[in-house]
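# Working through the structure, step by step
Now for the letters of each chain:
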Amino acid sequence: MTQKGPVQREMEERLTAAFPDANFLLSNDSAKHHGHAGDDGSGESHFSLSIEWGGFAGQNRVARQRAVNKALGDMPGNRVHALAIKASAPGE
């Protein structure tokens, strides 16, 4: 198993704080994008997030993605080049 870097650990901490009791999996996909646009050589530039949280019930996809991006603050677009988000409420 690959060691988590500081960017991934910080993202997980922010998600845990913003979405209590959420089930999520944050995957570092940076190795798949080595040498592509946005690869800064850090090994932590591209991520995928799958998150299930009760608070997403009744929200559309855009609202859910905005909530995730807000929780991550300045990370997307700055320290993280790309983040694929799959957000759902329980039972969806």
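Numbering of residues begins from 1 in every chain and follows the order in which that chain's sequence is written. For this predicted model, a pLDDT threshold of at least 70 governs which residues receive local features, and a threshold of 80 or more governs which side-chain atom pairs are given and counted, while totals over whole chains, interfaces and linings are taken from all residues. Excluded from the side-chain calculations are hydrogens and water; all other atoms, namely the structure's heavy atoms, are used.

## Things to note about helix α1 (residues 6–18)
- Counted at 1.5 Å a residue, the expected span for α1 with its 13 residues is 18 Å, and the 18 Å between its end C-alpha atoms agrees.
- It only takes one pair of heavy atoms within 4.5 Å for two residues to be counted as in contact. The helix and strand labels rest on DSSP assignments: H or I over at least four residues marks a helix, E over at least two residues marks a strand, and numbering proceeds from the N terminus. Of the surrounding elements, those touching the buried residues of α1 are β1 (23–28), β2 (46–52), α2 (61–72) and β3 (82–88). Working rule for helices: expected span equals 1.5 Å times residues minus one.

## Regarding the pattern of salt bridges
- Each reported salt bridge corresponds to a side-chain nitrogen of Lys or Arg within 4 Å of a carboxyl oxygen of Asp or Glu. On inspection of all chains with the given rule, the structure shows 6 salt bridges.
- For R64, the salt bridge goes to E92, with nearest N and O atoms at 2.7 Å. Taken together, the positions of R64 in helix α2 and E92 in the segment after β3 put the pair 28 residues apart, joining distant regions of the chain.
- Between buried and exposed lies partly exposed: a residue is buried under 20% and exposed over 50% of the maximum accessible area for its type, with that area taken using a 1.4 Å probe on protein chains only. For R64, a relative accessible area of 7% translates into the label buried.

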